[in-house]
Amino acid sequence: MSFQTVSETQCFGGMQGYYSHVSVTLGCEMRFSVFTPPQAKNGKVPVLWYLSGLTCTEDNATVKAGFQRIASELGLMIICPDTSPRGDDVPDDEGYDFGKGAGFYVNATEEPWAKNFQMYSYITKELPALIANEFAADMNRQGITGHSMGGHGALTIWLKNRDTYKSISAFAPIVSPMNCPWGEKALTGYIGENREGWAEYDACALLEKHGASDTEILIDQGLVDNFLEGQLKPELFKEACEKTGQKLNLRMQEGYDHSYFFIASFVEDHLWHHAAALRT
């Protein structure tokens, strides 16, 4: 399980690193970033996964979200994977919302996508195994968050792996891809026409299937987000939480859009939310 160091830069007493490895799951070379806080010099530290949105790579949140200062203070390791398989041999689509940069954190079953687009397994199995083996990560204390498509990924992955991830939050997540254009395109392309298969990657459907937990979900959503009504539809997840009794802190933020300026404005709250849950 080898990997290559692309770069490492000291940051707030910790280390911001970029790394690459050949993924067996995805059949291509993949990159990811890891912020290792200074506390890791003395032992293993809790882990927060950050899943990015459409068109993003491992670099977007690492450069734009501004999490390093607070993560250093709280002793959180932050891992930012890429959003899809990459490379000349990986199939693609001409749209920004499907194919490369748009893996949707699913395991594709349709051709030609099934060979490479196994992002659910990559995020939940292969990459965590590498992290556990090579970094000072306490894999018994993991949380997960994400933005937009990555918020969808965070919610669905948490809902199916609550024993693994002890904390959950999201920024402007796609809460019901079964009921929005982005999701309908992606799920049809990757999974096929069978909507029962779609439900395995829909946060609202998964919450109704698995029921509530004692963990509180934190979601921030900007009220001037261009995608709010057509794609994100947070009211659907709020209804699902109310129906199941799931604890939800949904904060509708006046004046904020879908950008990384929005994420940077509230990332500190999210890091504190995760740190509180991962301290024990």
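In this report, we go over the structure that sits alongside the text. (Residues numbered from 1 in each chain as written. Predicted model: local features only at pLDDT ≥ 70, side-chain atom pairs only at ≥ 80, totals over all residues. Heavy atoms only, no water.)

## Points about the nonpolar core
The biggest cluster of nonpolar side chains holds 87 residues, and the ones touching the most others in it are Ile 78, Ile 131, Tyr 190, Phe 237 and Leu 271. Per element, the largest residue contribution to this core is eight residues, and it comes from helix 10 (residues 260–278). Setting aside its immediate chain neighbours within four residues, Ile 78 contacts Ser 33, Val 34, Phe 35, Leu 48, Tyr 50, Phe 67, Ala 71 and Leu 271. (Core = buried A, V, L, I, M, F, W, Y, C linked by side-chain atoms within 4.5 Å. Buried < 20%, exposed > 50% of the residue type's maximum accessible area, 1.4 Å probe, protein only. Helix = DSSP H or I, 4+ residues; strand = E, 2+ residues; numbered from the N terminus. Contact = heavy atoms within 4.5 Å.)

## Some remarks on the pairing of strand 8 (residues 217–222)
Strand 8 sits mainly inside the fold: six of its six residues count as buried. Side chains Ile 217, Ile 219 and Gln 221 project from strand 8 onto one buried face, and the interleaved Leu 218, Asp 220 and Gly 222 project onto a second face that is buried too. In this structure, strand 7 (residues 165–171) lies alongside strand 8, joined through four bridges in parallel fashion. Pairing of Ser 169 across the sheet is with Leu 218, part of strand 8. The pairing of strand 8 with strand 9 (residues 248–253) spans six bridges and is classified as parallel. Counterpart to Gln 221 in the pairing with strand 9 is Met 252. (Pairing = 2+ DSSP bridges.)

## A word on the sheet that holds strand 5 (residues 77–81)
Ordered in space as 1-2-3-5-4-6-7-8-9, the nine strands form an open sheet in which the pairing is mixed. This sheet does not close on itself; its edge strands, each paired only once, are strand 1 (4–11) and strand 9. When the angles between neighbouring strand axes are averaged without regard to direction, this sheet yields 20°. (Axes fitted to C-alpha atoms, helices over the stretch in contact; angles between N-to-C directions.)

## Comments concerning the packing of aromatic side chains
Tallied over the full model, the rule gives 16 aromatic pairs. Ring geometry for Trp 182 and Phe 227: centres 4.7 Å apart, planes at 45°, overall tilted. On the criterion of sequence distance, the pair formed by Trp 182 in helix 5 (residues 181–191) and Phe 227 in the loop between strand 8 and helix 8 (228–232) is long-range, its members being 45 residues apart. Exposure remark for Phe 227: the relative accessible area of 29% places this residue in the partly exposed category. (Phe/Tyr/Trp six-rings, centres within 6.5 Å; stacked < 30°, edge-to-face > 60°.)

## Brief notes about the pattern of salt bridges
When the charged atoms of two side chains with opposite charge come close together, those side chains can pair. Throughout the structure, instances matching the rule amount to ten salt bridges. Among the ionic pairs, Glu 58 bridges to Arg 31, the shortest N-O distance being 3.2 Å. Here the residue Glu 58 occupies a position in the loop between strand 4 (45–51) and helix 1 (59–64), and Arg 31 occupies one in strand 3 (residues 28–36), the gap between them amounting to 27 residues. Overall, Glu 58 belongs to the buried group, its relative accessible area being 6%. Taking the relative accessible area as the measure of exposure, Arg 31 reaches 35% and is therefore partly exposed. Taking the shortest distance from any N to any O, the salt bridge between Asp 269 and Arg 251 comes out at 2.8 Å. With a gap of 18 residues between them, Asp 269 in helix 10 and Arg 251 in strand 9 connect regions that are remote in the sequence. The partly exposed category is assigned to Asp 269, whose relative accessible area is 35%. Each of the salt bridges in this network shares a partner with another, and the network as a whole consists of Asp 93, Asp 97 and Lys 185. (Salt bridge = Lys/Arg side-chain N within 4 Å of Asp/Glu carboxyl O.)

## Things to note about empty space enclosed by the protein
All told, the structure shown has one cavity of 30 Å³ or more when counted by the stated rule. There is about 60 Å³ of room inside the largest cavity. Surrounding the largest cavity, Leu 48, Tyr 50, Phe 67, Ile 78, Thr 145, Phe 171, Val 267, His 270 and Leu 271 form its lining. In the lining of the largest cavity, the residues fall into seven nonpolar, two polar and no charged. (1 Å grid on protein atoms, 1.4 Å probe; cavity = no way out; pocket = protein on both sides within 12 Å on 5 of 7 lines; lining within 4 Å. Points joined across faces, edges and corners; volume = space filled by probe spheres on them. Nonpolar A, V, L, I, M, F, W, Y, C, P; charged D, E, K, R; others polar.)

## Remarks on the packing of helix 7 (residues 203–210) against helix 9 (residues 234–244)
It is the contact of helix 7 with helix 9, at a shortest axis distance of 9 Å, that shows an interaxial angle of 5°. One element, helix 7, and the other, helix 9, form an angle in the roughly parallel class. Here Ala 203, Cys 204, Leu 207 and Glu 208 of helix 7 come into contact with helix 9, specifically with Leu 236, Phe 237, Ala 240, Cys 241, Lys 243 and Thr 244. Class assignment of the residues belonging to the contact of helix 7 with helix 9 gives a composition of seven nonpolar, one polar and two charged. (Parallel < 35°, antiparallel > 145°, perpendicular 65-115°, else oblique.)

## Topic: the environment of Asn 140
Structurally, the position occupied by Asn 140 is in strand 6 (residues 137–146). Overall, the relative accessible area of 62% leaves Asn 140 in the exposed class.

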